[in-house]
Amino acid sequence: MARKIALITGGGDCPGINAFLASAVRRGSSEYGAEFVGIRNAFSGLADDDPEKYLMPLHNENVIGLENRSSTILDSSRFNPFTEDNLARGYPQKILANLEKMGIDGILGTGGNDTILSAQRFESLGLPTVMAPKSIDNDVSGTDVMLGFRTAIYFGAQAARSTADSARAHRRISVVEVMGRQAGWLALEIGVASGADLITIPERPVDLNEFCSAVKRIYSKYNCANLVIAEGTSIQYEDPVIKRAREESGVVRALLEETPELDAFGNPKLGGISQILRRVLKIELGLKKIEEIRSTDLGFTLRGLAPQADDIILGLRFGIKAADILLGEKRTGLMVGIDGLEIVDVPYEEALKPKTVNRSDRELAALGVFISSS
Ligand code: F6P
């Protein structure tokens, strides 16, 4: 009997997701005669009282050209059916019942660590799932690279180099902030590719006194300084430099007093460190005007991009592999990935090991990453 498969795209959007969807539909329908329905808003749509509202039938004809499109046509959510409250409300069982009512007997999807964790939990409840890794953070194991990362680097490096060239012309300090949560891959590769003077990543704590002295040396020598800062860079609230900034700047006080919300998976909502560092640097370098330091938060500009070739190709390859695994080999509970040039699959347990920057201090320092002496 032909399989009916739901396609979902959970978590942060990114380039390449639509290439996966197009490829999974083409491969699954032509090779295995499967029927596909996209579910908008991922597990949130599946958990609705009327999930049919979120259905988007996908077939060969309506996925033509889909691989080039930005973000995800299925929208997304960070809905977590397995929080204590949602478990008590019976959401996992409601989702399974909704899937059964719609005649759906498996899920193919894209996700980062959180969506893959939900897929793993549904797998343990007997729902066949296969996932493809996507996130501009590039922070799951079992794959050299996740969908979206390469396009984010390509665009982010151009944007950061543009701010660097402008800072040079105006003898300014430029602070570019990028996402990445607790992984510094985005900041590292955008910083290196854009010729940043200093890069900060979450994996290397920053002694602000040393950091400001390093910026001061660069600024004095070159009349400009280009910094790429990961949103998850760890600065200590009790750091004397932060204490001085809190005393002298109402903006720093306000930003530090904003307690970041947690998302449904307990991730703090980051963002804004570049605004704090602007004021810290103005104070510590004794600059007269704040506009001598400009900040640019690339944030979501890296999420909604149309995919470059690398991510189109990766998404198409992931889609073929995922359809082959679920529909041809009838294996489940697996994440597809790329190992060198080969498309592979790994159990969710392997994928869910966090992948943070694991390079040596020696190489990172040579690439411009700020490494505190202590
Ligand atoms: O996980 C990808 C990501 O872009 C992170 O880098 C960022 O911190 C987070 O999503 C932002 O989450 P949201 O889109 O829910 O604001």
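Description of the structure in this document. Keep in mind the model is a prediction, meaning the values are calculated, not measured.

## What about the sheet that holds strand β3 (residues 55-58)?
Consideration 1: Strand order in the open sheet formed by seven strands is β3-β2-β1-β4-β5-β10-β11, with mixed pairing between adjacent strands. Among the strands making up the open sheet, the edge pair consists of β3 and β11 (342-347). Ignoring strand direction, the axes of neighbouring strands in this sheet form an average angle of 30 degrees.
Consideration 2: Sheet topology places strand β1 (residues 4-9) next to strand β2 (residues 35-39); four bridges connect them, and they run parallel. Bridging from a neighbouring strand, Ala6 pairs with Val37 of β2.
Consideration 3: Contacting β1, β2, β3, β4 (107-111) and β5 (129-133), helix α1 (residues 17-32) runs over the sheet at an angle of about 175 degrees to β1.

## Looking at the pattern of salt bridges
Side chains carrying opposite charge are able to pair once their charged atoms draw close together.
Consideration 1: Taken as a whole and assessed by the stated rule, the structure comprises 19 salt bridges.
Consideration 2: Put simply, Asp324 and Arg27 hold a salt bridge, and the shortest N to O gap is 2.7 Å. In this pair, Asp324 sits in helix α12 (residues 309-328) while Arg27 sits in helix α1, placing the two residues 297 residues apart along the sequence.
Consideration 3: Owing to a relative accessible area of 13%, Asp324 belongs among the buried residues under this scheme.
Consideration 4: Two residues, Asp49 and Lys94, come together in a salt bridge whose shortest N-O distance is 2.3 Å. In this pair, Asp49 is assigned in the loop between α2 (42-46) and β3 and Lys94 in helix α4 (residues 91-101), connecting sequence segments 45 residues apart.
Consideration 5: Overall, Asp49 belongs to the exposed group, its relative accessible area being 65%.
Consideration 6: What emerges from the salt-bridge pattern is a single network uniting Lys321, Glu329, Arg331 and Asp345.

## Description of the site of the ligand
Consideration 1: Around the ligand, the neighbouring residues are Arg78, Ser135, Ile136, Asp137, Met179, Gly180, Arg181, Glu231, Lys269, Phe300 and Arg303.
Consideration 2: Take Gly180: an N or O atom from its main chain is 3.0 Å from an oxygen atom of the ligand.
Consideration 3: Contact between the ligand and Lys269: an oxygen atom at 2.5 Å from a side-chain N or O atom of the residue.
Consideration 4: In isolation the ligand has 390 Å² of accessible area, and contact with the protein removes 85% of it.
Consideration 5: Most atoms of the ligand, that is more than half of them, are within 2 Å of grid points of the second largest pocket.
Consideration 6: Considered class by class, the residues forming the shell around the ligand number three nonpolar, two polar and six charged.
Consideration 7: Each of domain 1 (4-147 + 307-351) and domain 2 (153-303) contributes no fewer than three residues to the shell around the ligand.

Cut-offs and rules
Residues numbered from 1 in each chain as written. Predicted model: local features only at pLDDT ≥ 70, side-chain atom pairs only at ≥ 80, totals over all residues. Heavy atoms only, no water. Pairing = 2+ DSSP bridges. Helix = DSSP H or I, 4+ residues; strand = E, 2+ residues; numbered from the N terminus. Axes fitted to C-alpha atoms, helices over the stretch in contact; angles between N-to-C directions. Contact = heavy atoms within 4.5 Å. Salt bridge = Lys/Arg side-chain N within 4 Å of Asp/Glu carboxyl O. Buried < 20%, exposed > 50% of the residue type's maximum accessible area, 1.4 Å probe, protein only. Near = heavy atom within 4 Å. Polar contact = N/O pair within 3.5 Å; in protein donor to acceptor, adjacent residues only side chain to side chain. Areas by Shrake-Rupley, 256 points an atom, 1.4 Å probe, with all protein chains shown as cover. 1 Å grid on protein atoms, 1.4 Å probe; cavity = no way out; pocket = protein on both sides within 12 Å on 5 of 7 lines; lining within 4 Å. Sits in = over half its atoms within 2 Å of the grid points. Nonpolar A, V, L, I, M, F, W, Y, C, P; charged D, E, K, R; others polar. Domains from an automatic or database assignment.

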